[in-house]
Amino acid sequence: MELYERIPNNVNLSEDKRLQRALEKWLPDYLDWWREMGPEGFQEKDVWLRTAVSVEPEGWAHFDYVRMPDYRWGIFLKPAERDARVGFGDNCGAPAYQEVPGEFRNPLRRIVVTQADTEPASVEQQRLLGQTCPSLYDLRNLFQVNVEEGRHLWAMVYLLHGYFGRDGRDEADALLERRSGNPDKPRILEAFNQPCDDWLNFFCFTMFTDRDGKYQLSALAESGFEPLARTCQFMLTEEAHHLFVGETGVGRVVRRTAQLMKENRNEDVRSLGGIPFDIIQRYFNYWYSYSLDLFGGEISSNAADFFAAGLKGRYQERKKYTEHLIKEDAFTLPVVEDGRLIERVVPMRNALNEVLRGEYVRDCVRALERWNKYIADEGVDHQLTLPSTRFHRHVGEYAGHFFDVDGSLIAEEEFERRRDEWLPTSADREYVRSLMHPVTEPGKIANWIAPPATGIKGKPFEFEYVRL
Ligand SMILES: [Fe+2]
Ligand SMILES: [Fe+2]
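The present account deals with the structure reproduced in this document. Predicted model, so just to flag it, every value in this text is computed and none were measured.

As for the coordination of the iron ion (ligand 1)
For step 1, the next point in the chain: In the first shell of the iron ion (ligand 1), the protein supplies Glu-119 (OE), Glu-149 (OE) and His-152 (ND1), at 2.0 to 2.2 Å from the metal.
For step 2, the next point in the chain: In terms of primary sequence, the donors binding the iron ion (ligand 1) are separated according to E-x29-E-x2-H.
For step 3, the next point in the chain: The metal-metal distance between the iron ion (ligand 1) and the iron ion (ligand 2) is 3.4 Å, with Glu-149 serving as a donor to both. Of this pair, Glu-119 sits in helix α3 (residues 105-125) while His-152 sits in helix α4 (residues 136-163), placing them 33 residues apart in sequence. Comparing Glu-119 with His-152 shows no difference in burial state: the two are buried.

Following this line, the structure appears as structure tokens:
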């Protein structure tokens, strides 16, 4: 088989024999990992998938039936800009870095490894979900997300092998050795060790946790380290679909619950086989808070150093901002001091994790407003909410303190007393799992979720998205 068939790419892999050999050696290990940890029970089925065959507008979204192990995992970077420059920080305007700047080698490797680790982790978290899919349409979307996360792993491994020498090679191997949720060799970030064993979890995960990825990738897509920037730019085009799956998936669950409530005013949604709003709300509280942690500490000298070096910018740094130094600006945020919340002023550069988190929060609020409109459209009087960004945090300024969902500081005992009101209980999880029965007849859908507004790529909902 030709190299391009085995490892489709637009990085002239055939001209770099060392890199080619390294990736060809990694490929069979990757496939072993995929067969062991990828979607269980569907590896031999034909799935109607989108494959990137090039980065051109007509090439990056090619739809056809594919068996997942035969998916063309490739390495695609957005084409290089002529005369690319560092877009922000102390070196703003200098030529972009084509190699890793020496003094940032370790932190940059850490960033790439941390991002890379999330890609296989999510595939592992979701590997059993196919067995309880609510429809063939949803099954196909799950697999689309899974194969693209696999391709994102390839994109990051390309960077590790291509730019980080021997350390990079070891890191690439380790990415296939860690396992989501395994106490002996866990994935790096906690959100990626949480079980994702029902479809409400899956939709919340792709809504809230994948969305963190969008903001991290966007910040890196303008990195002065050009190979990283170009890799992230192309990943973002695929990531948009994952966020669509999450946002519309949650929206369809919410809509269905509202419909069931409207049709049977006096009945409990549970007795009708729907997911009640209080359970949905607790799932939101859980995934949203874990996803907020992914942005890192509110006050961070690493964030400042990365910005100064031109390695990680703000969301839409070039488009949204005219001033790219932010040396003088300050940022005010509430912190806990002597048992109470006070305002602290810090240099803006040290608050960039929090600035990025703020962009994310606004995006989540936008989606929330849309879901609440679905409820109102059905004539049901209920509003879903997002908790305060201080609620249930394990990273940053608020970790180790206790807050209610409105963000008020409370005692640990009170938090524990009210935990079941705010976070999913084992009974909630059991109930949601009890609804998860596979529906695999084309055009049919489970009772707890509404059908999508349209199918994929012009195909109707009834289309046979997966041939079982
Ligand atoms: Fe990804
Ligand atoms: Fe994703």
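Once the structure has been displayed, the description carries forward.
As for the nonpolar core
Soluble globular proteins tend to pack their nonpolar side chains together in the buried interior.
For step 1, the next point in the chain: Ranked by size, the top nonpolar core spans 128 residues in total, and within it Phe-208, Trp-371 and Trp-448 carry the most contacts.
For step 2, the next point in the chain: Those residues in contact with Trp-448 that sit more than four places away from it in its chain are Pro-134, Trp-199, Phe-203, Val-253, Arg-256, Gly-273, Gly-274, Ile-275, Leu-435 and Met-436.

Concerning the coordination of the iron ion (ligand 2)
For step 1, the next point in the chain: The protein atoms that coordinate the iron ion (ligand 2) are Glu-149 (OE), Asp-210 (OD), Glu-239 (OE) and His-242 (ND1), at distances of 1.9 to 2.8 Å.
For step 2, the next point in the chain: Because the angles between the 4 donor atoms bound to the iron ion (ligand 2) fall within 87 to 172°, the donor set is best described as irregular.
For step 3, the next point in the chain: Every donor residue of the iron ion (ligand 2) comes from the same chain, spaced as E-x60-D-x28-E-x2-H.

Quick look at the layout of surface pockets
A probe as big as a water molecule, rolled over the atoms, marks out the empty space that is left.
For step 1, the next point in the chain: For the largest pocket, the calculated volume is near 780 Å³.
For step 2, the next point in the chain: Ile-111, Thr-114, Gln-216, Leu-294 and Lys-312 are, among the 37 residues lining the largest pocket, the residues nearest its centre.
For step 3, the next point in the chain: Residue assignment for the lining of the largest pocket shows that the elements contributing at least two residues are α3, α6 (199-220), α9 (301-308) and α11 (352-377).
For step 4, the next point in the chain: Ranked by the residues each element gives to the lining of the largest pocket, the list is headed by α3, at 8 residues.
For step 5, the next point in the chain: Per-class residue counts for the lining of the largest pocket are 15 nonpolar, 13 polar and 9 charged.
For step 6, the next point in the chain: Space inside the second largest pocket adds up to approximately 230 Å³.
For step 7, the next point in the chain: Lining the second largest pocket we find 13 residues, and of these Thr-248, Arg-252, Tyr-374, Pro-452 and Ala-453 sit closest to its centre.
For step 8, the next point in the chain: Per-element accounting of the lining of the second largest pocket gives the leading share, 5 residues, to helix α7 (residues 226-263).
For step 9, the next point in the chain: Broken down by class, the residue content of the lining of the second largest pocket amounts to 7 nonpolar, 3 polar and 3 charged.

Examining α3
A turn of α-helix holds 3.6 residues, and therefore any two residues three or four places apart point the same way.
For step 1, the next point in the chain: In this model, α3 (21 residues) spans 30 Å end to end at C-alpha, consistent with the 30 Å of a helix rising 1.5 Å per residue.
For step 2, the next point in the chain: Summarising burial for α3: 17 of the 21 residues are buried, a large majority.

Structural notes on helix α13 (residues 426-434)
For step 1, the next point in the chain: For α13, every residue scored as buried is listed here: Asp-428, Arg-429, Tyr-431 and Val-432. The buried residues of α13 all sit within an arc of 160° when viewed along its axis, so they share a single face. Across α13 from its buried face, at more than 90 degrees, point the exposed residues Ser-426, Ala-427 and Glu-430.
For step 2, the next point in the chain: Close packing links the buried residues of α13 with α6 and α8 (277-293).

Looking at the packing of aromatic side chains
In this description, an aromatic ring pair is defined by two values, namely the gap between the centres and the angle between the planes.
For step 1, the next point in the chain: In total, this model carries 41 aromatic pairs according to the counting rule given.
For step 2, the next point in the chain: Taken together, the ring pairs connect Phe-208, Tyr-215, Phe-284, Tyr-288, Phe-295, Tyr-315, Tyr-360 and Trp-371 into an aromatic cluster.
For step 3, the next point in the chain: The residue whose ring lies beneath Arg-467 is Tyr-65, and the NZ or CZ to ring-centre distance is 3.6 Å.

Section: the pattern of salt bridges
For step 1, the next point in the chain: Considering all chains together, one arrives at 42 salt bridges under this definition.
For step 2, the next point in the chain: Between Arg-6 and Glu-24 there is a salt bridge, and its shortest N-O distance comes to 1.9 Å. Here the residue Arg-6 occupies a position in helix α1 (residues 3-6), and Glu-24 occupies one in helix α2 (residues 17-37), the gap between them amounting to 18 residues.
For step 3, the next point in the chain: Here Arg-393 ties to Asp-293 by a salt bridge, and the two come within 2.6 Å at their closest N and O atoms. In this pair, Arg-393 is assigned in the loop between α11 and β5 (402-403) and Asp-293 in helix α8, connecting sequence segments 100 residues apart. Both residues of the pair, Arg-393 and Asp-293, count as buried.
For step 4, the next point in the chain: Linked through salt bridges whose partners overlap, the residues forming this network are Glu-36, Asp-117, Glu-124, Arg-178, Arg-179 and Arg-187.

Cut-offs applied
Residues numbered from 1 in each chain as written. Chains lettered and ligands numbered in written order. Predicted model: local features only at pLDDT ≥ 70, side-chain atom pairs only at ≥ 80, totals over all residues. Heavy atoms only, no water. Donors = N, O, S within 2.8 Å, 3.2 Å for Na, K, Ca; no water. Helix = DSSP H or I, 4+ residues; strand = E, 2+ residues; numbered from the N terminus. Buried < 20%, exposed > 50% of the residue type's maximum accessible area, 1.4 Å probe, protein only. Core = buried A, V, L, I, M, F, W, Y, C linked by side-chain atoms within 4.5 Å. Contact = heavy atoms within 4.5 Å. Tetrahedral: all angles 85-135°; square planar, octahedral: opposite > 155°, others 65-115°. 1 Å grid on protein atoms, 1.4 Å probe; cavity = no way out; pocket = protein on both sides within 12 Å on 5 of 7 lines; lining within 4 Å. Points joined across faces, edges and corners; volume = space filled by probe spheres on them. Nonpolar A, V, L, I, M, F, W, Y, C, P; charged D, E, K, R; others polar. Expected span 1.5 Å × (residues − 1). Arc of directions from axis to C-beta. Phe/Tyr/Trp six-rings, centres within 6.5 Å; stacked < 30°, edge-to-face > 60°. Lys NZ or Arg CZ within 6 Å of the ring centre and 35° of its normal. Salt bridge = Lys/Arg side-chain N within 4 Å of Asp/Glu carboxyl O.

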